[in-house]
Amino acid sequence: MRRVIAAGFGVAIIIIAAVLLWPAPARGLVLYAALDYAPAIGKAFTKKTGIPVRVIRLSTGALLARITAEGHHPDWDIGWFDGATAAVSLDTAGLLAHGLRPPVPLTATGRSMLPPDGAYIPTGFTLAGVFVMNKASTLKPPKTWNDLTAPLYHGVVGMNDPAISGPTYPALAGMLKQAGGWPQGKGFVAALKANGLQVFAKNDATLAALRNGTIKLAIVQSSAAVNVARNIDHHLTVIYPRPAYVLPNVIVLPKGLHGRALREAKAFIAFVESPAGQAIRKREGEGDSYYWPVTALPAPRHALPPLTTLDLATLDAARWGAREKTVLAWFAHAIDGAGS
Amino acid sequence: MAGLIATFFVYPLLRLLVMPFLSGHGAAGDWPAFAVSLLLSVGTAIVAAPLGALFALFTTTAAGPVARAATLTLWGLFLTPSYMLTTGWMIIFSGHALRATLAGQAFFGVGGLLMLYVVKALPFSALVARATLAAADSAPAEAAAIHGVPFIPRVRIGLRLLAPAMAVGFAIAVIETMQEFGIPATLGVTSHVPILTYAIYQHLAETPTDFAGASILCWRLIAVAAVFGGLAMACRRQGAAIQHGRMRPPARQRPARRRELAFAALTCLFALVGIVIPVAALFVRALQPLTASMPHPGAVLRSLGFGMVGATMSLGVAVLILRLRAAGARRMTAVLDVALVANMAVPGLVLAASYIVAFNNDLLPLYGTRLLLLIGYTAGMAPLALRMMQGALDDLDPNLVAAARLHGLPRLTRLVDIEGMLLIRPFTYAYLLVAAAIMFELPVSELLYPPGATPLGVAIVTLDQMSDYAASARLALFGLGAMAGLALLLAAGVALLAAPRRLRPA
């Protein structure tokens, strides 16, 4: 009896170990994605082409950290996330393939996002930072970034931490740029801090703080803002600041990808940009489906305002991507106070 | 065995720690994070060490329900993962009304960190003090009572006897607090207080990854652990000086009413702050409906599986080392002992960071695999497993083996029916403790988990950062339930295995 129990325990451990350590089914493509419609796209692509796609969903920050940590031994074939500046950071570290060309004609806005070395392909864009408030709030809605330094916004404004939330660095870069660039724009952000700016981890935490009354105005990515105002809390309204900084979502491939994997990855990009692929992104996505396309078709979701009504601005991804580490270190020290 | 330890412990750590010298990286900043962490650790130890020593004295000398409750509370605090404790309190202060109060503002600053650190450091201080006091002699106390020594001098004598235990508890509290990652990771940016372990994590999470900067911070962490670890060892030797061959441990007796009430109040306070209130908050929040489908549905079972396999491997390594020592392989076991002791000074965060550096190459491309995560768990827990099994294996009489051979018993019978049955209870306790430590482990999990296979601790902290407390509370409670289920299963197994056999009639 004792030996049976002991043997049974041993067999159970071996089975559990085998289940945990069993190698993942080979190949096809491995997609690291920070966008919520990625699993649906992966499934549809497999159905159309027969090429298996293993989708690993991570937040943007965790995805970038993972790609960086894997370095020149990538376990991924395609990376898909928000932020051309982040793609430039990865490219500066020598991790990305070059020479990518868009498989379909892009709009003028889309073409303006293309890097000269072909390190990434834009697949759409959102806005890096918009304002979200309660409709019933007595607070006067701000129109520009400079309005936030007014005393009436003291202690009621919250934003994400750019060190944790990947799409927030471009919002910070936009704030710095409109205030004179780097390092001149530091004064503006410091003024926000002096006016009681609160920092939370990510979009969900900042919006939760808005909804529970900790803050009265949240600065978050436009897709998250529109999603919460339309589908979760109808008391909230989205205000598009002047200017509003464009945040491309991009696809990157690892350096050294070649042969069949490269062909399949390019086929995936073509599917993403196709009308069928974009229809799936709009239909199956949650917050991330609220994006503006960089192709002529299809039109964006109805909840999004026409681009002609917005004061759009772009960031020089190469310049701001190269200084990302410096800017984030300054923010963590001067504004955040946590860690380094 | 030496080769495995060299490959999975010595090589990765060396690789990480030499990086600043090879890359010419200047001295990293982060001195505020180091200074604040050291101050918080010392502050925590100043509170936790005397309290821990008093709890240790009470639980080793007192009899009665309060002493039993105090022991249970200490173990409960020890076993509760720090990020779950923090999550529970964050749920309480997540509401705007409470957050705006003085208590809420204090919680999200230094005050909250100190409170959480003291709650987690107390059981460490108490348990190491108990180990020191376990060898204490009752003669001085009895002599003082017989000679009618007045109260104050008697207290002074007691304090002198308690001093080594308090000093060891102080050193351990500083080390554990400096190395603590779960609390700052869960509070994260919300606390606005720079913490060294979180700074290391941020260096590893930024793009591009700053391994050299993280390595410099790791050196500081290890230096503090080495200084205070040396202090702990010196204090233990000082305590040993008053032991002798004819000493008797103090007999347990029911304490005086006032003393019992005081410890009852203290026990209730720590039980409330460290277990009851946070777990109740988790429970209440878990009942709220989720905004979407349950995220990370496989995290609980996956981590339970890692816990069980990792505990088996850790205890296997521990038993092998102890057997080698018993067999007289002194040089090798001395080397292994040093490696394992050094491993205790190296927190899981540093070990995991070294694995990222060491196992991301063509020769050993293990980074991003579940195998490396399992190896990381085993390397991190082997010292704990060794210490838990050491006493039990040392108590095994070597003559048992000789007697079994003389009676012609097969090896399997000796292993299962004799040694196995003598070791079954300490093995089960050690197994459950190590399995729970791995299941709820955070720093190694955070840095080494393969994408798509999120461990439980990482899932809970990620959901906390998104303020999805309902989902994180459910995961936490499912995890505790799963571990409780494993404990019951193993307890039933032990009861079956250890049940006396009925003699068949002749």
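Procedures and definitions
Residues numbered from 1 in each chain as written. Chains lettered and ligands numbered in written order. Predicted model: local features only at pLDDT ≥ 70, side-chain atom pairs only at ≥ 80, totals over all residues. Helix = DSSP H or I, 4+ residues; strand = E, 2+ residues; numbered from the N terminus. Buried ≥ 20, exposed ≤ 12 C-beta atoms within 10 Å, placed from the backbone. Contact = placed C-beta atoms within 7 Å. Nonpolar A, V, L, I, M, F, W, Y, C, P; charged D, E, K, R; others polar. Domains from an automatic or database assignment.

(A) Structural context of the overall build of chain B. A tally of regular secondary structure across chain B gives 23 helices and 0 strands. Put simply, chain B has 506 residues, and 48% of those count as buried. Taking contacts inside chain B between residues at least 6 apart in sequence as the whole, the part at least 24 apart equals 86%.

(B) Local environment of the interface of chain B and chain A. If you look at the interface, chain B gives 46 residues, while chain A gives 46 residues. Elements with a contribution of two residues or more to the side of chain B that touches chain A: α6 (96-99), α12 (196-205), α15 (299-326), α18 (370-395), α20 (411-439) and α23 (469-498) of chain B. Residue composition of the side of chain B that touches chain A, grouped by class: 21 nonpolar, 19 polar and 6 charged.

(C) Fine view of the environment of B:G307. Mapped onto the fold, B:G307 is located in helix α15. When the C-alpha atoms of B:G307 and B:Y377 are compared, they prove to be 8.5 Å apart, with 70 residues separating the residues in sequence.

(D) How the structure looks around the domain arrangement of chain A. All names here are of chain A. Under the domain assignment used here, chain A contains domain 1 (29-125 + 249-299) and domain 2 (127-245 + 319-335). Its C-alpha centre places domain 1 at a distance of 26 Å from the equivalent point of domain 2. Taken together, the elements giving at least two residues each to the side of domain 1 that touches domain 2 come down to α3 (60-70), β3 (78-82) and α4 (84-92). Split by residue class, the side of domain 1 that touches domain 2 holds 7 nonpolar, 8 polar and 3 charged.

(E) Representation of the domain arrangement of chain B in the model. Residues and elements named next belong to chain B. Partitioning chain B into structural domains gives domain 1 (1-287) and domain 2 (292-499). Taken residue by residue, the interface counts 41 residues in domain 1 and 38 residues in domain 2. Going through the elements one at a time, α1 (2-17), α5 (82-92), α11 (182-187), α12, α13 (211-240) and α14 (257-286) are the ones with two or more residues in the side of domain 1 that touches domain 2. The dominant element in the side of domain 1 that touches domain 2, judged by the number of residues it contributes, is α1, at 10 residues. Tallied by class, the residues present in the side of domain 1 that touches domain 2 amount to 31 nonpolar, 8 polar and 2 charged.

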